[in-house]
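Remarks on the overall topology
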Amino acid sequence: MIPDDPNATTAEPAAALDTLAARALATPPLPPEARARLRAVVRNEARRVRVGLAEASLHAGFAVGALVWAAVAAFG
Amino acid sequence: MDAPEVDIRALRRLDAEAVDTVFDAYADRLARFLRRLGAGPEVAEELVQESFVRLVRHAPRLTDETRVGAWLYTVARNLWRSHRRWAWVDGTRLLELASRPASAPVGPAELVEAGRTAAHVQAVVAALPEAQREVFLLVAVEGLTPQDAAEVLGLSAEAARQRLARARRAIEEALP
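Residues numbered from 1 in each chain as written. Chains lettered and ligands numbered in written order. Predicted model: local features only at pLDDT ≥ 70, side-chain atom pairs only at ≥ 80, totals over all residues.

1. As for helix α7 (residues 130–141) of chain B
Just so we agree on the cut-off: Once C-beta atoms are placed from the backbone, each residue is buried if 20 or more other C-beta atoms lie within 10 Å of its own, exposed if 12 or fewer, and partly exposed for counts between those two. Strands are runs of DSSP state E lasting at least two residues, helices are runs of H or I lasting at least four, and both sets are numbered from the N terminus onward.
Within α7 of chain B, 10 of the 12 residues are buried, which leaves the element mostly enclosed by the surrounding structure. In the stretch just after α7 of chain B, G143 of chain B is the one whose phi turns positive, near 80°.

Next up, the structure:
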């Protein structure tokens, strides 16, 4: 096991090494067509989840309304 | 490489603009991270898509404290590990390796710094043990803080710091 070297995390040399690595390991961005396709999938999924949430709150609203109505009918 | 500002409340409501902002901020970063972990371009795209789909499904449960970047990297990394496990079982990994170019993709061809070429740095980083490579990529290349990297990797901050120090030392020693 390599003993941990406290100097290894000294900010300056570590920053230089990180910059070197970040430059060397840069990759081209996603191709535009792939990016557009992924974005469309993510947007559609967001829309689907939004609609699902809206429906769930509507049903919850109906359920609460029904409970209130039943309570009023029983005790009112 | 600062973490982009994310409006968590808008994201929780799945506001279309907030979803687009997060996608624009992280899609390329996640793809690069996955490529450097060893994913081919198609697999990286597939896993980026799945990471964002999971984010929007989980969005209503995000808390104000959630760091979206760390969350996405965690999911992407887990998906990659899961993909790799299954790919070994069904053989697609072998097909992917066979179809890959002989050398790792090379960035800028010019000398990066006093005799250190991009290809050399790539080879040195690729040769790191996976545990060190992951933390190094997250901190040095993706710009996460060591604390966020620790969270992504499920490590204590101290363990992540030690792995990072070992990775940096190994790279320093391997470069001319």
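2. Side note on the nonpolar core
All names here are of chain B. Applicable threshold: Any set of buried Ala, Val, Leu, Ile, Met, Phe, Trp, Tyr and Cys residues joined through C-beta atoms within 7 Å is what this text calls a nonpolar core. In this description, a residue-residue contact is defined by the distance between C-beta atoms placed from the backbone, which must lie within 7 Å.
Residues L34 and A76 are the most contacted members of the largest nonpolar core, which totals 57 residues. By residue number, the principal contributor to this core is helix α2 (residues 16–37), which donates 10 residues. Excluding its chain neighbours within four sequence positions, the residues that come into contact with A76 are L30, F33, L34, L47 and S51.

3. Here we look at the interface of chain B and chain A
Condition: Residues are grouped as follows: nonpolar covers Ala, Val, Leu, Ile, Met, Phe, Trp, Tyr, Cys and Pro; charged covers Asp, Glu, Lys and Arg; every other residue, Gly included, is treated as polar.
The partner chain A presents 30 residues to the 37 residues of chain B that form the contact. Within the residue set of the side of chain B that touches chain A, elements represented by two or more residues are α2, α3 (41–58), β1 (111–113), α6 (118–126), α7 and α9 (157–174) of chain B. With 9 residues, α2 of chain B is the largest single contributor of residues to the side of chain B that touches chain A. For the side of chain B that touches chain A, the class distribution of residues is 20 nonpolar, 4 polar and 13 charged.

4. What about the environment of V22 of chain B?
Residue and element names in this part refer to chain B. Tracing the backbone shows V22 in helix α2. Spatially, the C-alpha atom of V22 lies 18 Å from that of L138, the residues being 116 residues apart in sequence. V22 has contacts with V6, L11 and V68, leaving out every residue within four places of it along the chain.

5. Brief notes about unusual backbone geometry
Positive phi, close to 60°, is recorded for L14 of chain B, a residue that is not glycine. L14 of chain B sits in the buried class, given 21 other C-beta atoms within 10 Å.

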